[in-house]
Amino acid sequence: MHALSRSTPTGNLRLSSFVRMRRSSGPSRAVWCVYRSESVHFPNGIGTSRADWQSSCAVLNASSKPPSHQDQPAEVHGGGADHVDAVNVHQAAIDLNLNLVPIDSSKSSSPAVPQPPKPLTITDLSPAPMHGSQLRVAYQGVPGAYSEAAAGKAYPNCEAIPCDQFEVAFQAVELWIADRAVLPVENSLGGSIHRNYDLLLRHRLHIVGEVQLPVHHCLLALPGTRMEYLSRVTSHPQALSQCEHTLTKLCPQAAREAVDDTAGAAEYIAVNNLRDTAAIASAKAAELYGLQVLADGIQDDSSNVTRFVMLAREPIIPRTDRPFKTSIVFAHERGTSVLFKVLSAFAFRNISLTKIESRPHRNRPIRLVDDAYEGTAKHFEYMFYVDFEASLAEVRAQNALAEVQEFTSFLRVLGSYPMDMTPWSPPPRGEPEI
Ligand SMILES: O=C(O)C(=O)Cc1ccccc1
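Nothing here was measured: the structure is a model prediction, and the numbers come from that model. (Residues numbered from 1 in each chain as written. Predicted model: local features only at pLDDT ≥ 70, side-chain atom pairs only at ≥ 80, totals over all residues. Heavy atoms only, no water.)

## Here's the deal with the overall build of the protein chain
For the protein chain, the helix and strand inventory stands at nine helices and 23 strands. Within the protein chain, the fraction of its 434 residues that count as buried is 50%. Contacts in the protein chain between residues at least 24 apart in sequence constitute 77% of all its contacts with a sequence separation of at least 6. Within the structure as shown, the protein chain displays about 20000 Å² of accessible surface, and the carbon and sulfur contribution to it stands at 54%. (Helix = DSSP H or I, 4+ residues; strand = E, 2+ residues; numbered from the N terminus. Buried < 20%, exposed > 50% of the residue type's maximum accessible area, 1.4 Å probe, protein only. Contact = heavy atoms within 4.5 Å. Areas by Shrake-Rupley, 256 points an atom, 1.4 Å probe, with all protein chains shown as cover.)

Okay, structure coming up:
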């Protein structure tokens, strides 16, 4: 499939669909970079097996260029002496059919004849200069989505790039079309957004930050629509789940319909002039798409918070000058009390865990163990995601991971990044948060 940019009915340009990447040269030889920083010193005994960690280092190509300061991620500016010795450079040309790049028709040989989209070359995919100009941040949804608000909280004054699927947001960063992606991973009422956990493992981006966004849902409909006439309520599955009880009270007769994003649901009602349908979305979406607010603050609990992570092509250098969180993913071979051992590696070092999530191990979903007398045990295999409150720059975190590595068959650091410590209080009902 090819990526096609398309204008939504309201004229918004959004990244859609997938892109097919065909490397024109052989796979680049990747070796793991090594942090050359005093603060990130791995204790003895694991230096040789550092690559086993599938670590949070950037993958580098043997012929990669030394980084200029401009290549440093925005999150580490002012980061002091620490620096990454290598950068993530795609040497292979990408055969990509993205018609996102404006074609300069003045240069085309015969302007009257439409030119086929010019395939992007590596030189077209120049990274956004970090200094002084807007950071390009990909998010899933259309303008008015909570992910757009999260992107603005994470990177004020950024250029938010709407993508119609989470996967496209990942690809936008990998293809240098965007500099960052901001994606929801969990909600205080609806739980984990599993799709993004699976995508974090499938892609090689790094978590470089998090934002916690109080989410204030509104029930939106065309002006003049009455609650009792509603036959359908549509929104992102997370939004439907966060408003389940309130919806049952407000419009028990309406069927629930899950779509890709909240603001997209609002846009759909406006564009198709649907008088029997309401959307759960933000007050900003109401303004953007000309809908009325039938009900305000309809989440089942006022402290409805969604946690988003910020993704980049390179990791940031972990520091100890502010509260940090580290996210890892691991799998383990069969063994007794492996999970207990893994978790105790943190507990015995007084490291708090803030999240444990398990997801099917797609490469090995089930392991069968035959017993001549008892039959066949069928063990579901999982990948385990853990967030813990410590920086990878701390020796206790490095020692904990070194111990975890002994019990696991796969271990990857997804990122070590500043915790979102911004003060907030749930908005009083009736005052939209966004
Ligand atoms: O659909 C949106 O607006 C999103 O950004 C995803 C989402 C949905 C519900 C709560 C938080 C984020």
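## Concerning the sheet that holds strand E19 (residues 353-360)
If you walk across this open sheet you meet the four strands as E19-E22-E18-E23, and the pairing is antiparallel. At either end of the open sheet lies a strand with only one pairing partner, and these are E19 and strand E23 (410-418). Recorded for the sheet is a direction-independent mean angle of 15 degrees between the axes of neighbouring strands. Note: E19 against strand E22 (residues 382-388), seven bridges, orientation antiparallel. Directly across from Ser358, in E22, lies its bridge partner Phe384. Against the sheet, helix H9 (residues 395-407) makes contact with strand E18 (324-331), E22 and E23, and its axis sits at roughly 160 degrees relative to E23, the strand it touches most. (Pairing = 2+ DSSP bridges. Axes fitted to C-alpha atoms, helices over the stretch in contact; angles between N-to-C directions.)

## Comments concerning the packing of aromatic side chains
Summed over all chains, the structure comprises four aromatic pairs. With 5.5 Å between their ring centres and 25 degrees between their planes, Phe330 and Phe384 make a pair best called stacked. Placement of the pair is Phe330 in strand E18 and Phe384 in strand E22, with a sequence separation of 54 residues. Look at Phe330 and you get buried, because its relative accessible area is 0%. Here the aromatic residues Phe330, Tyr382 and Phe384 are joined through ring pairs into a cluster of three or more. Lying across the ring of Trp176, Arg313 places its NZ or CZ 3.8 Å from the centre. (Phe/Tyr/Trp six-rings, centres within 6.5 Å; stacked < 30°, edge-to-face > 60°. Lys NZ or Arg CZ within 6 Å of the ring centre and 35° of its normal.)

## Some remarks on the sheet that holds strand E16 (residues 292-296)
Spatially, five strands are ordered E14-E13-E15-E12-E16 in an open sheet, and the strand pairing comes out mixed. Both outer strands of the open sheet, strand E14 (255-258) and E16, are each paired with one neighbouring strand and no more. Strand-to-strand twist of the sheet, defined as the mean angle between neighbouring strand axes without regard to direction, takes the value 30 degrees. Inspection of the sheet shows strand E13 (residues 232-235) paired to strand E15 (residues 277-281) by three bridges, in the parallel sense. Bridging across to E15, Arg232 finds its partner in Thr277.

## Points about the site of the ligand
Around the ligand, the surrounding shell consists of Ala145, Tyr146, Ser147, His236, Gln238, Gln242, Asp261, Thr262, Thr306 and Phe308. Ser147 places a polar side-chain atom, nitrogen or oxygen, 2.6 Å from an oxygen atom of the ligand. A distance of 2.5 Å separates an oxygen atom of the ligand from a polar atom in the side chain of Thr262. Considering the ligand on its own, with 310 Å² of exposed area, one finds that the protein chains cover 100% of that surface. (Near = heavy atom within 4 Å. Polar contact = N/O pair within 3.5 Å; in protein donor to acceptor, adjacent residues only side chain to side chain.)

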